[in-house]
Amino acid sequence: MSTTERRPAEPGRGADRGERAVDAPGAMPRRERPSKRLYWMWHDTMVIAERGLRQTTRIPELLVFATVQSAMFVLLFRYVFGGAIHVGKGISYVNYLMAGIFVQTVAFGATAGTGIGLADDLQKGLVDRFRSLPMSRMAVLLGRTLADLARNGLTVIVMLLVGLAVGFRPEGSPLGWLAAVGLMLILSFSFSWVGAAIGLAVRNPEAVQAAGLIWLFPLTFASSAFVPIATMPSWLRVFAENQPITKLVDAVRAWALGQPVGSTAWIALAWCLGILAVAMPLAVRFYRRAATLK
Amino acid sequence: MSALDVAGPAILAEGLRKRFGETKALAGLDLQVEAGTVLGLLGPNGAGKTTAVRILTTLVVPDRGRAQVAGIDVMRNPEGVRARIGLTGQYAAVDEFLTGQENLEMFGRLYRLPRRRARVRADELLERFDLAGAASRVVKTYSGGMRRRLDLAASLIVSPPVLFLDEPTTGLDPRSRLGMWELIEELVAQGTTLLLTTQYLDEADRLADRIAVIDSGRVIAEGTSDELKRRVGGERIELTVARHGSLEHAREVLSRHAPQGEAVHIEERARRVSAPAEGRARGLADVVRELDAAGVELDDLSLRRPTLDDVFLTLTGHEAEADAGEQEL
């Protein structure tokens, strides 16, 4: 090699030449005050969230597909299976069904939306670009999960309209409804982070679509979403009674129909926060190590 | 474009090592790029070019070694480095579902420009990169060349003093490639320090001040394009005669002009004769005159300098291959 050896400049030299001390080589890494870091994290998060919302308007297929699929479920259960399912307690099946539809729509929408979106960013090299920018690293994940939250809120509204069209007549109080919507948004947020972890680990949008969502099927079907748990064999009942989707569906259903909720809501909330507490650090960890594959 | 505020090289790498499982991506890489110059990092797929760029742009932490960019330690202050570099990777890393304008504004705001300044800067760059007409179109509708230009524009939002381009023209058609080269040359003329990886020898030849040839994770040769070519040997006169019968005449003429003891190389089937040239253009003129006098008719005649292909072949023992299917580390 025929390069001439030149030593990196000493800290003192920059000052002699009238340069900014901050940029002088060898200067201590610049540390921002925590409040300032938090401000920039929020700023960057909003920029990324804005991008996510714009994407949603540019790919209406995604939104349409998500709602059409859920609408099919509504029609299927309301008109095909519903007649054979007895939920008792003087509740019509369509009133029973809709809480299950809401929770299922949000759980799938959040996991799939965030997971596929991030895997796509990874594959297209966008994650590399974001990671090479002087921006908050958390913002890429937080911005996307928040944008997905807004999108999921929209699908729930559409599902509510579909439900009303096929005879859904909820009698819950406005306050109860507010609580139900709040719980579903928390559900959306925590399942988005599960999706983020899956998307960043699997790294391929098609694979996320194919394999990353499989586990949601037993979770939503072996629950109180579509049928009363009492009709299940006892071994399955143990699982169904104690898994998060059942708790979420039960709480949303009770609030929507104006029934006593009891401790179910707290258990459901605890599940969401617990899932979030595991998925969030995992997703952040995967993001840090994320490398784009060719 | 802002000049570097530091004395010393704009990019410095010392003894970088990186392993991915069993694969040794870098095996002690040393690099030095002076401010305002262009280093071409040339090597086949899997040589370690991309890993080197990923370490220098803070995306990957090396197992061992030290690196500085714009005078800032890459491992100790990655955020400081990120504020001073632009990176354009192998794919156009822009959001397909946003418009060109929205993409640049988003990146501008992530570089922490205020919203209005981000917009003005986006307009400037779109204009300069000949994308103003497509500014409000979704990137999905852009051609490959347009995407690359937008991608390059995105790395220039804050006029970074140090720019990394990882195979900027791979997969582009010849015209778009030429366009990219011209844009890159403009940037360099304004004082940007550039590290460019490429597997195209002509690209390194055209854009780079110095070239580092890398193979199996380390630099095996470094110098200007001319220096590297000189290592392989000087210029050669190469001529193709019109008829097989004139091959012997041509050989005689060339051997008279070749340096002492140098052999004349004959390829019978191609009717091609070549020999090391002495005295450059004047030698060539003499050869032409003598061939003409001897009545030798020529199909082709050239004074050929060794290409970087020759350099690569000589240095590594294998040709520079552009096998895009291989996994790049």
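Residue numbering note: each chain is counted from 1, following its sequence as written. Following the order in which they are written, the chains are lettered starting with A and the ligands numbered starting with 1. Per-residue local features of the predicted model are confined to residues with pLDDT of at least 70, and side-chain atom pairs are confined, for both listing and counting, to 80 or more; whole-chain, interface and lining totals are unaffected and use all residues. The side-chain quantities take in all heavy atoms of the structure and omit both hydrogens and water.

K.L.:
So what exactly am I meant to see when it comes to the overall build of chain B here?
P.N.:
Here a strand is any run of E in DSSP of at least two residues, a helix any run of H or I of at least four, and the numbering for each starts at the N terminus. The secondary structure content of chain B amounts to 11 helices and 14 strands. The dimensions of chain B, computed from C-alpha atoms along their principal axes, are 75 × 45 × 40 Å. The buried label applies to any residue whose accessible area, calculated with a 1.4 Å probe on protein chains only, is under 20% of its type's maximum; exposed applies above 50%, and partly exposed to all values in between. Relative to its 329 residues, chain B shows a buried fraction of 55%. A separation of at least 24 residues holds for 68% of the contacts in chain B among residues at least 6 apart in sequence. With residues, only the protein chains shown are counted as cover, and all accessible areas are computed by Shrake-Rupley using a 1.4 Å probe. For chain B, the exposed surface amounts to about 14000 Å²; the carbon and sulfur share of it is 46%. Counted charges follow a simple rule, with Lys and Arg positive, Asp and Glu negative, and His plus the chain ends left uncounted. The atom standing in for a charge is NZ when the residue is Lys, CZ when it is Arg, CG when it is Asp and CD when it is Glu. Chain B carries 44 positive and 52 negative side-chain charges, and their two centres are separated by 5 Å. Contacts were defined at the residue level, with two residues in contact if any of their heavy atoms lie within 4.5 Å.

K.L.:
Would you explain the packing of helix H7 (residues 174-202) of chain A against helix H11 (residues 244-257) of chain A in this entry?
P.N.:
Two packed helices can be described by the angle between their axes and the distance between those axes. Residue and element names in this part refer to chain A. Where H7 meets H11, the axes come as close as 8 Å, and the angle between the chain directions of the two elements is 155 degrees. The angle between H7 and H11 places the two elements in the roughly antiparallel class. Crossing of H7 over H11 shows left-handed handedness. Taking contact as the criterion, the partners of Gly176, Trp177, Ala179, Ala180, Leu183, Met184, Leu187 and Phe191 in H7 are, on H11, Ile245, Leu248, Ala251, Val252, Trp255 and Ala256. Class assignment for the residues of the contact of H7 with H11 results in 13 nonpolar, 1 polar and no charged. The angle between two axes is taken between their N-to-C directions and runs from 0 to 180 degrees, where each axis is a line fitted to C-alpha atoms and a helix contributes only its stretch in contact. Roughly parallel covers angles under 35 degrees, roughly antiparallel covers those over 145, roughly perpendicular covers 65 to 115, and oblique covers all other angles. Note on convention: near helix rotated counterclockwise from far helix by under a right angle means a left-handed crossing. Clockwise means right-handed. When residue character is reported, Ala, Val, Leu, Ile, Met, Phe, Trp, Tyr, Cys and Pro are called nonpolar, Asp, Glu, Lys and Arg charged, and the others, Gly included, polar.

K.L.:
Help me understand a nonpolar patch on the surface in this model?
P.N.:
What goes into a patch is any residue over 30% in relative accessible area without a salt bridge, connected to like charges within 9 Å or, for nonpolar side chains (Val, Leu, Ile, Met, Phe, Trp, Tyr), within 5 Å. A side-chain nitrogen of Lys or Arg and a carboxyl oxygen of Asp or Glu constitute a salt bridge if their distance falls within 4 Å. A contiguous nonpolar surface patch, about 470 Å² in accessible area, is contributed by Leu75, Leu76, Tyr79, Val80 and Phe81 of chain A. Residue Val80 of chain A is classed as exposed on the basis of its relative accessible area, which comes to 54%.

K.L.:
Explain the sheet that holds strand S2 (residues 23-33) of chain B here, please?
P.N.:
Strand pairing within a sheet occurs via backbone hydrogen bonds; the two strands may be parallel or antiparallel. All names here are of chain B. If you trace the 4 strands from one edge of the open sheet to the other, you get S2-S1-S4-S5, paired in antiparallel fashion. A strand with exactly one partner marks an edge of an open sheet, and here the two such strands are S2 and strand S5 (72-73). In the packing of helix H1 (residues 49-56) onto the sheet, contacts are made with strand S1 (11-20), S2 and strand S4 (64-69), and the angle to S1 comes to roughly 115 degrees. For two strands to count as paired, DSSP must find a minimum of two bridges between them.

K.L.:
Sorry if this is basic, but what is going on with the packing of helix H2 (residues 34-58) of chain A against helix H3 (residues 60-81) of chain A here?
P.N.:
All names here are of chain A. Where H2 meets H3, the axes come as close as 4 Å, and the angle between the chain directions of the two elements is 75 degrees. Here H2 lies roughly perpendicular to H3, going by the angle between them. Where H2 approaches H3, its residues Thr56, Thr57 and Arg58 are matched on the opposing element by Pro60, Glu61 and Leu63. Classifying every residue of the contact of H2 with H3 gives 2 nonpolar, 2 polar and 2 charged.

K.L.:
Before we go on, may I ask you to explain a positive patch on the surface in this structure?
P.N.:
All names here are of chain B. Together, Arg17, Arg19, Lys24, Arg64 and Arg218 line one region of the surface with positive charge. As for its placement among the helices and strands, Arg19 is situated in strand S1. Arg19 sits in the partly exposed class, given a relative accessible area of 44%.

K.L.:
How should I be thinking about the packing of aromatic side chains in this particular structure?
P.N.:
To describe a pair of aromatic rings, one takes the distance between the centres and the angle between the planes. Paired rings are identified among Phe, Tyr and Trp, the last through its six-membered ring, by centres lying within 6.5 Å, and are further divided according to the angle between planes into stacked (under 30 degrees), edge-to-face (over 60) and tilted (the rest). Here the structure, examined in full by the defined rule, presents 16 aromatic pairs over all chains. If you follow Arg177 of chain B out to its NZ or CZ, it ends over the ring of Tyr200 of chain B, 4.2 Å from the centre. Working rule: Lys NZ or Arg CZ, within 6 Å of ring centre, within 35 degrees of ring normal, means a charge sits over the ring.

K.L.:
Looking at this structure, I do not really get the pattern of salt bridges. What am I missing?
P.N.:
Pairing of side chains with opposite charge becomes possible as their charged atoms draw close. Enumeration over the complete set of coordinates arrives at 33 salt bridges over all chains. Glu185 of chain B serves as the salt-bridge partner of Arg206 of chain B, at 2.8 Å between the closest nitrogen and oxygen. Note that Arg206 of chain B is positioned in helix H7 (residues 201-207) and Glu185 of chain B in helix H6 (residues 174-189), a separation of 21 residues in sequence. Classification of Arg206 of chain B as partly exposed rests on a relative accessible area of 35%. Ionic pairing is found between Asp286 of chain B and Arg289 of chain B, a salt bridge with its closest N-O pair at 2.9 Å. With Asp286 of chain B and Arg289 of chain B both in helix H10 (residues 280-293) and 3 residues apart, the pair spans about one turn of that helix. Overall, the relative accessible area of 54% leaves Arg289 of chain B in the exposed class. Each member of the salt-bridge network shares a partner with another, and the members are Glu50, Arg54 and Arg58 of chain A together with Glu102, Arg109 and Arg115 of chain B.

K.L.:
Mind showing me how you'd approach unusual backbone geometry here?
P.N.:
Both trends apply: most residues other than glycine have a negative phi, and most peptide bonds are in trans. Positive phi, normally seen in glycine, also occurs at Arg203 of chain A, with a value near 65 degrees. For Arg203 of chain A, the location among the structural elements is in the loop between H7 and helix H8 (205-211). Phi is positive for Thr58 of chain B, close to 70 degrees, though the residue is something other than glycine. For Thr58 of chain B, the location among the structural elements is in the loop between H1 and S4. Owing to a relative accessible area of 9%, Thr58 of chain B belongs among the buried residues under this scheme.

K.L.:
Looking at this structure, I do not really get H1 of chain B. What am I missing?
P.N.:
The α-helix advances 3.6 residues per turn, and as a result positions three or four apart in sequence lie on the same side. The buried fraction of H1 of chain B amounts to 8 of the 8 residues, a majority that puts the element mostly inside the structure. When we look at burial in H1 of chain B, the residues that qualify are Lys49, Thr50, Thr51, Ala52, Val53, Arg54, Ile55 and Leu56 of chain B.

K.L.:
I keep staring at the confidence of the model for chain B and nothing clicks. Help me out?
P.N.:
Keep in mind that low pLDDT regions are not for reading the predicted coordinates in detail. Residue and element names in this part refer to chain B. Note: pLDDT gives the predictor's confidence per residue, expressed from 0 to 100. Taken as a whole, chain B shows an average pLDDT of 86; of its residues, 91% reach a score of 70 or greater. For chain B, the element scoring lowest by mean pLDDT is helix H11 (residues 308-316), at 73; helix H3 (residues 100-110) scores highest, at 96. In this model, residues 322-329 is a region of pLDDT below 50 whose contacts with residues beyond four sequence positions or in other chains number 23 contacts. Note on the complex model: pTM 0.80, ipTM 0.82.

K.L.:
Sorry, what's going on with H3 of chain A here?
P.N.:
Residue and element names in this part refer to chain A. Here the expected length of a helix is defined as 1.5 Å per residue gap, with one fewer gap than residues. The end-to-end C-alpha separation of H3 is 30 Å, in line with the 32 Å expected for 22 residues at 1.5 Å each. Within H3, the full set of buried residues consists of Thr67, Ser70, Ala71, Phe73, Val74 and Phe77. Here the buried residues of H3 occupy an arc of 150 degrees about the axis, which is enough to place them on one side. What points out from H3, more than 90 degrees from its buried face, is the exposed set Glu61, Phe65, Met72, Tyr79 and Val80. On its buried face, H3 sits against helix H4 (93-123), helix H6 (137-165) and helix H9 (216-221). Of all possible arcs, the one meant is that of the directions from the helix axis to the C-beta atoms.

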